[in-house]
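# Reading the structure
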Amino acid sequence: MVLGLYNYWIVVLLMMIGFYIVIAHGNLIKKLVGLTIFQTSVFIFYISMGNVDSGSAPILAEGVARYSNPLPHVLILTAIVVGIATTALGLALVVRIKESYGSIEEDEIQIQDQLTEDKTSC
Amino acid sequence: MIAIAIVRTKDLLAVVMLTGIYGLLSASFFVVLDAVDVAFTEAAVGAGISGLLMLAAITMTGRREAPKRHKPLLALLVVFITGGMLIYGTLDMPYFGSFDAPVHQHVAPRYINDSMQEVGVPNIVTSVLASYRAFDTLGEVAVIFTAGIGVLSLLSLPRRRKSHQLDESREKIKKDEMHEQHMVLRIVSKILIPFILLFALYVQFHGDFGPGGGFQAGVIFAAAIILYAMLYGLDTARRVFNQTIIQLVAAIGLLLYASVGVVSLINGGNFLDYNVLADDPIAGQHLGILLIELGVGCTVAAVMIIIFFNFAGRREAQQHATELNKSEGE
């Protein structure tokens, strides 16, 4: 009976994997990859909600009575492209961080920040 | 599975490859779930462009992930608690695939039953995207445009001063660059690229009847040009596709979209209400959808190209810098 919920569990699993990467890894690119996984899990969540048993793709055709819900498709379709655009923005930021700090590991960046802060306060 | 592998792998190059596979897998998953439009986009974006951009970024930032110094236990604990709560939350959710779930009760039946009379486009996704929820889509295109501007401002280089030394080192690099060598790849791609462009146009204008539309077409179009840039070198591609013009195209796409809305305002309808664009509402809808999809396609393609060119240009500049340093050291 509870097996009917398995799609949500897959989503939760993927989401948590992405979440784990984001909070446990120090490398900024790895963090972005984690965010992408998280994002995809949300996409799968929406799309699986819109799915209907024995439904067809939402393109009107003769002799098809039941269609999947088109609304989540629209939302996710645009979200994917927006997602890649924002990911690119994030990557651009990472590249700039690498150029000015020489590293993309979170803790190293923090140490450098601390050092400059100490210098200015003295 | 692949996601777990991504967590474990330290080599970022492998991570990016795995991300590509992950994208392709989720695209096929979307097909299974009847979301053909989404699958199309995910296949082009998740498996294609995002991997490319990450590769470009990795070449600039280094490939290795530092060994971990902090304990992941706390993070793992947080993850398990959150996951547990989320799973507890799903217990009240409707079952997978049930058609009396609340999601299917609200506006979806109207879209499915009436969109043919009201919009006259068989692909419901397109009619929802471009007509019922055109305002959302306008916002999303604006976000993409803004992201493109952001990348431009973060990564674009000041106009290059052509120093003699720089040119020399560039010649040196050019000789061992991949696109100067692989004859077979270049010829095959030369044959393929027109077809990719044609396919993009087909996707663009056939979006009313089959899966497709401005977003997918834009990404595919950009992919063809990126392929060209990879095989023939960035400078050649830059000469063919002038950066200023591409930036202009990105802006024009968004402007076209918004001005369709303004025109319908002038004609006495609501913003982005296409019924007033022509005498016959259905013809007006068709015209409106065609125009805004064109706008979306222009902006998406142009922004993707801008993003790629800037990443690649930055990379080349870095390589030149290191080359110069080396030659000065000698």
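Within each chain, residue numbers correspond to sequence positions counted from 1 in written order. The order in which chains are written sets their letters, starting at A; the order in which ligands are written sets their numbers, starting at 1. Per-residue local features of the predicted model are confined to residues with pLDDT of at least 70, and side-chain atom pairs are confined, for both listing and counting, to 80 or more; whole-chain, interface and lining totals are unaffected and use all residues. Remark: hydrogens and water are excluded; side-chain values derive from all non-hydrogen atoms of the structure.

The next point concerns the overall build of chain A. Helix and strand content of chain A: 4 helices and 0 strands. Counting from the N terminus, the helices are DSSP H or I runs at least four residues long and the strands are E runs at least two residues long. Ordered by position in the sequence, the α and β elements of chain A form the string α-α-α-α. Burial analysis of chain A (122 residues in total) assigns 55% to the buried set. Any two residues whose heavy atoms approach within 4.5 Å at even a single point are treated as in contact. For chain A, the share of sequence-separated contacts (at least 6 apart) that also reach a separation of at least 24 residues comes to 45%. Using a 1.4 Å probe, accessible areas were evaluated by the Shrake-Rupley method; residue-level cover was limited to the displayed protein chains. Here chain A has roughly 5200 Å² of accessible surface; of this, 64% comes from carbon and sulfur atoms. Burial classification: accessible surface area is computed with a 1.4 Å probe over protein chains only, and a residue below 20% of its type maximum counts as buried, one above 50% as exposed, and the rest as partly exposed.

From N to C terminus, chain B includes 13 helices and 0 strands. When the helices and strands of chain B are listed from N to C terminus, the series reads α-α-α-α-α-α-α-α-α-α-α-α-α. Per-residue burial over chain B gives 46% buried out of 330 residues. A separation threshold of at least 6 residues defines the contact pool for chain B, and within that pool the share at least 24 residues apart is 70%. Total accessible area on chain B stands at roughly 16600 Å², and carbon and sulfur atoms take up 68% of it.

This brings us to empty space enclosed by the protein. Both cavities and pockets are sets of points on a 1 Å grid over the protein atoms alone; in a cavity a 1.4 Å probe fits but cannot get out, in a pocket the set is open with protein on both sides within 12 Å along at least five of seven lines, and lining residues sit with an atom within 4 Å of a point. Grid points are joined across faces, edges and corners, and a volume is the space filled by probe spheres set on the points. For the structure on display, the rule yields 6 cavities of 30 Å³ or more. In this structure, the largest cavity is lined by 16 residues; those nearest its centre are Thr36 and Gln39 of chain A together with Glu42, Gly46 and Ser50 of chain B. Of all the secondary-structure elements, those providing two or more residues to the lining of the largest cavity are α2 (28-50) and α3 (70-101) of chain A together with α2 (12-32) and α3 (36-61) of chain B. The element best represented in the lining of the largest cavity is α2 of chain A, accounting for 5 residues. Three categories are distinguished: nonpolar for Ala, Val, Leu, Ile, Met, Phe, Trp, Tyr, Cys and Pro, charged for Asp, Glu, Lys and Arg, and polar for the others, with Gly belonging to the last. For the lining of the largest cavity, the residue count by class is 6 nonpolar, 9 polar and 1 charged.

Close inspection of predicted coordinates is inappropriate in any region flagged by low pLDDT. Residue and element names in this part refer to chain B. Looking at chain B as a whole, the pLDDT averages 73, with 73% of positions reaching at least 70. On a scale of 0 to 100, pLDDT captures the predictor's confidence in every residue. Averaged pLDDT values over the elements of chain B bottom out at 53 in helix α8 (residues 164-175) and peak at 83 in helix α7 (residues 134-155). Interface scoring of the predicted complex returns ipTM 0.73; its pTM is 0.76.

Glancing now at the packing of aromatic side chains. Residue and element names in this part refer to chain B. Any Phe, Tyr or Trp ring, taking Trp's six-membered ring, that has another such ring centre within 6.5 Å forms a pair; planes under 30 degrees apart are called stacked, those over 60 apart edge-to-face, and the others tilted. Counted by the stated rule, this structure contains 2 aromatic pairs over all chains. Ring plane angle 55 degrees and centroid distance 6.3 Å describe the contact between Phe308 and Phe309, whose orientation is recorded as tilted. The pair formed by Phe308 and Phe309 is uniform in burial state, with each residue classed as buried.

Residue and element names in this part refer to chain B. Note on definitions: angles span 0 to 180 degrees between N-to-C directions of axes, and those axes are lines fitted to C-alpha atoms, for helices only across the stretch in contact. Running from amino to carboxyl end, helix α9 (residues 183-206) crosses helix α10 (residues 214-232) at an angle of 165 degrees, the nearest separation of the two axes being 8 Å. In this view, α9 runs roughly antiparallel relative to α10, as classed from their interaxial angle. Considering the relative orientation of α9 and α10, their crossing is left-handed. Residues Leu185, Arg186, Ser189, Lys190, Ile193, Ile196, Leu197, Phe199, Ala200, Val203 and Gln204 of α9 touch α10, and the partners they reach there are Gly214, Gln216, Ala217, Ile220, Phe221, Ala224, Leu227, Tyr228, Leu231 and Tyr232. Put simply, angles under 35 degrees are roughly parallel, angles over 145 are roughly antiparallel, angles from 65 to 115 are roughly perpendicular, and the rest are oblique. Each crossing gets its handedness from the near helix: less than a right angle anticlockwise from the far helix is left-handed, clockwise is right-handed.

This part is about the UniProt feature "transmembrane region" (unreviewed entry) in chain A. Residues and elements named next belong to chain A. UniProt positions are given in the numbering used here, feature names are shortened, and annotations may be inferred rather than shown by experiment. Under the UniProt annotation, the feature "transmembrane region" (unreviewed entry) is placed at residues 6-25, 32-52 and 72-95. Helix makes up 95% of residues 6-25 and strand makes up 0%, while its end C-alpha atoms are separated by 28 Å. Structurally, residues 72-95 is divided into 100% helix and 0% strand, and its ends, taken at the C-alpha atoms, are 34 Å apart.

So, on to helix α4 (residues 73-90) of chain B. What a helix should span is 1.5 Å times the count of its residues minus one. Helix length check: α4 of chain B, at 18 residues, gives a terminal C-alpha distance of 26 Å against a target of 26 Å (1.5 Å per residue), a fit within 8%. Here α4 of chain B has its buried residues at Ala75, Val79, Gly83 and Thr90 of chain B. Looking straight down α4 of chain B, one finds its buried side chains confined to an arc of 60 degrees; they lie on one side. When the buried face of α4 of chain B is taken as reference, the exposed residues oriented beyond 90 degrees from it are Leu73, Leu74, Leu77, Phe80, Met85 and Tyr88 of chain B. Buried residues in α4 of chain B make contact with α1 (6-24) of chain A. Directions are taken from the helix axis to each C-beta atom, and the arc is the one they span.

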